[in-house]
Each structure stands twice: as structure tokens, then as C-alpha cells.
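What follows is the residue order along each chain.
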Amino acid sequence: MESTLRRTWSEINLDTLKSNYEIIKNKIGKDVKFLGVVKADAYGHGSVKVAKVLEEAGADYLAVSSVDEAMELRVNDIKMPILILGHTPKEQVGRLIEYDITQAVTCRAKAVEYSEEAVRLGKTLKIHIKVDTGMSRLGYLCEGNHFDNGVKGICEALNMQGIYAEGIFTHFAVSDEKGEECYQYTKKQFELFMDVIKEVERRSGRRFEIKHCANTGAVAKYPNTYLDMVRPGLLLYGYGEFAKEMGLKPVMTLKTTVSTIKIYPEGTHISYGGIFVTDKTTRIGVLPYGYADGFFRALSNKCSLMTEDGPAPVRGKICMDMCMVDITDKMNVEVGSEVEIFGENNPIEELSEIAGTIPYELTCAVSKRVPREYIKDGRVIEKELMLRM
Ligand SMILES: *Cc1c(COP(=O)(O)O)cnc(C)c1O
């Protein structure tokens, strides 16, 4: 669906995405495979578009969180291998096989279910074994005295009919955080992962084709963890301090426009609850951007959005569909002027820091009523509106 609106929209620069990919690819070297994490609609950037760019650019693998996300890619003609990182109900095994989708296997119970279902269908499901080395989320528990049991469980899965383990992976909990403790924790996770692989390969006599663990933090800081494939998400989209250090650029710019301007006398209460009261004659711009578009109400009265005359502070409570900014001293800002919510001029890192969260949450929050404008080869190739027309 094409959008004709120009109220609030996100610009997704696919040229930036491609260049981010190339910079990361250059860093990891040609012998390491690249898996692009495109779960959650590619962190709000549009998984099909992102996948097409990665496919063209020569990436090796994609990862999503669910079978529905994987199907969205397949239905839209993405041919690359796709790994589902999260849970898939066993009833979907037939579909996974039919569409050549790789499934993470995270424990003995799932391995058994998938194996039985695949055997029943007389086919083979491609899997990657997930090892829990300290993230304490999904994966075969292998820490401390669970080591032996974990290794045994994985070996068992390797011998099951109907499932073929192409890969093995783990996930780091603090690879993107600073400090000696986080370094030691990541090192311990990595060493445990290596020990598990070694022991499984020794006991089973099998080799894994693809061993992988490096997320954004590890791609940026721990080259020794690259193994056969890296698995960045955030870095690819160009956010966070590592992206900056590596010269990567934000792929998404979220923009809005001034819909109305009003001038209020001193002592005027702005928006619900009156948490902001003008202390002088104040020029206020109303923006068609509220929490239903993905703004965080918690940012009310706390952040600024970027106008051509500099940052305009948000005044009063952020509403569902609108928010107000103070443009008293910004005389170039008129009705129709563009305002950058985040992007190169208003770093998402600052906004997320004020909100007490991470950039991931802000890009994922951009809602479906915000049209996306895709830029490729320097020009707009599509204006996508995701409403049901
Ligand atoms: C989301 C996710 C990633 C990517 O994480 P980033 O921090 O965005 O690089 C990698 N691996 C797994 C298992 C994930 O769930």
C-alpha cells in the first residue's frame, strides 16, 4: 500500500544499510559468514526490504524470531537460509521443511518433538542447537554441573532421526557492556561454548558446519568469537556506540512536521494534566506524533526534537496522536516545517538514554500507521503504508 501522507514518517535508507553491511563484512573478513538479524520486522526497518538488500549484498543467513516472520520473508521471495531463533510449535515442522527454514533447538523436549514430527512426515528438518552458556534464556543448560547432561542432550539430538544439526550457537548477555566484569562474563560464556562444542564433537564424532555466537557487542569488541558466522542486529542498523566507533550510520530517520503553531501567554497549562505551565509568552508547535506512533509517554517534558533552528523541547504530556514542542525562539520553524525525532541530527542514543531504555526499543516501537519511505540508490523507491486498506 502506497502512502501519500506526509505527517510523520520514517525514512529507511537502504544505501546506508548496504554500506553498514559492507563495513561490518570488511571487519569480519571473507571467511566468516554474515547472518543479519531481521526479527521484529528488522527492528522496525522492514524485514523484507532489509533482507533483499542483504541478499543482494551477499550475506549468508537471516534470523527471525518466529515462523510467521520467516514466512513473511519466504512469501516475499527471499531465498536465503533463515534461522528461527525462538520457539516454533511442533505442528509447524512440515511448513519449516517445505519452506526450507532452519529451526533453533533449545532443549531435549523440543528435539524429540521435532524429530518425531519430521519422521512422521518422512522428511528432515534443518536445525541449529542452542546452548545456554549464561544468558539464562533458551538453550541446553551447560553451566557448572549441568555440563555433562547438556553435552549428553546435544549428542542425543545429533543422533535423532528427522533432524539435522547444521549449526550450534549461543548468545552473550553482556558483550555490549563496559567493564572488567562484563569482559570476564563474556569470556566465560565463550569458553564454555567452546568446551561444549569440543566435547560434543569428541563424543559424537560429528562436526558442526556453522558455529556462531557474536552479536553486536561481540562483533565490535571480541573478534576471537567470530567463529564461522557473526550475528549482529543493532550494529547493522547503525545504532549504539559501537556503530559510531566503526563509522556506521543510522538507517532510520524518523521525521514529523509542524501541524499547527499557537502563541500562549505566561501561565498557560499545556496538554493533559497541566504538567507544563508557560513562564512567558510561548510559541508552541503541535506535532502529529504521539505514543500511538511509537513515542514514549514517559518522555513527556523530558526530551527535545530537532528543528532546523535546533532542539525544540517537548512540553507537557505526550498524547496518543500528538505532542507539543516549544519553538519560541525558532522563528524559521513554520507550519509544515520538518522536525527530526531521531536520526543523524538527533541521535536515538540520547533519546533512549533519557527514556531509560535502549535504541532497539525505539525503532521497534515505530507503529504501523507511520508510513515508511525507502531510499535506494539515492532516491525514494517506495512509500509504504502498513494499514489494512
Ligand atoms: C536479537 C539477537 C541477536 C542480535 O542482537 P544485537 O544485539 O542486535 O546484535 C543475536 N542473536 C540472538 C539469539 C538474538 O536473539
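Since the structure is predicted, the reported quantities are computational estimates derived from the model, not experimental observations.

The rules behind each value
Residues numbered from 1 in each chain as written. Predicted model: local features only at pLDDT ≥ 70, side-chain atom pairs only at ≥ 80, totals over all residues. Heavy atoms only, no water. Near = heavy atom within 4 Å. Polar contact = N/O pair within 3.5 Å; in protein donor to acceptor, adjacent residues only side chain to side chain. Nonpolar A, V, L, I, M, F, W, Y, C, P; charged D, E, K, R; others polar. Helix = DSSP H or I, 4+ residues; strand = E, 2+ residues; numbered from the N terminus. Buried < 20%, exposed > 50% of the residue type's maximum accessible area, 1.4 Å probe, protein only. Contact = heavy atoms within 4.5 Å. Pairing = 2+ DSSP bridges. Expected span 1.5 Å × (residues − 1). Phe/Tyr/Trp six-rings, centres within 6.5 Å; stacked < 30°, edge-to-face > 60°. Lys NZ or Arg CZ within 6 Å of the ring centre and 35° of its normal.

Caption draft 1: Structural view of the site of the ligand. Neighbouring the ligand are 13 residues; Lys39, Tyr43, Thr216, Leu234 and Tyr360 lie closest to it. At a separation of 3.4 Å, a nitrogen atom of the ligand approaches a polar side-chain atom of histidine 171. One nitrogen or oxygen atom from the side chain of arginine 231 is found 2.8 Å from a nitrogen atom belonging to the ligand. Of the residues that constitute the shell around the ligand, the class distribution is six nonpolar, four polar and three charged.

Caption draft 2: Summary view of the environment of glycine 162. Relative to the elements of secondary structure, glycine 162 occurs in the loop between helix H7 (147–159) and strand E8 (163–170). On the basis of relative accessibility, which here comes to 14%, the residue glycine 162 falls in the buried class. Between the alpha carbons of glycine 162 and aspartate 100 there is a distance of 14 Å; along the sequence they are 62 residues apart. If sequence neighbours within four positions are ignored, glycine 162 has contacts with Ala118, Val119, Lys123, Thr124 and Leu125.

Caption draft 3: A look at helix H4 (residues 67–75). Residues of H4 that are buried include every one of Val67, Glu69, Ala70, Met71, Leu73 and Arg74, and no others. Aspartate 77 sits one or two positions beyond H4 and adopts a positive phi of about 75°.

Caption draft 4: Seen up close, the pairing of strand E15 (residues 282–287). The buried count for E15 comes to six of six residues, which makes it a mostly enclosed element. The alternating pattern of E15 places Thr282, Ile284 and Val286 and Arg283, Gly285 and Leu287 on opposite faces, both of which are buried. For strand E12 (residues 260–264) and E15, the ladder comprises five bridges, and the chain directions are antiparallel. Note on E15: the bridge partner recorded for isoleucine 263 is arginine 283.

Caption draft 5: Region of interest: H7. With 13 residues, H7 extends 19 Å from end C-alpha to end C-alpha; this agrees with the ideal 18 Å at 1.5 Å per step. Among the residues making up H7, those that are buried are Gly150, Val151, Gly153, Ile154, Cys155, Ala157 and Leu158. Against the buried residues of H7 lie helix H6 (108–121), strand E6 (125–132), strand E7 (140–141), E8 and helix H8 (180–204).

Caption draft 6: Spatial organisation of the packing of aromatic side chains. By the definition in use, this model includes five aromatic pairs. Ring plane angle 25° and centroid distance 4.5 Å describe the contact between tyrosine 289 and phenylalanine 295, whose orientation is recorded as stacked. Looking at tyrosine 289, the relative accessible area reads 1%, which means it is buried. Accessibility expressed as a relative area gives 2% for phenylalanine 295, which makes it buried. Ring pairs connect the aromatic residues Tyr43, Tyr237 and Tyr360, which therefore count as one cluster. Positioned above the aromatic ring of tyrosine 374, the side-chain terminus of lysine 49 is 4.6 Å from the ring centre.

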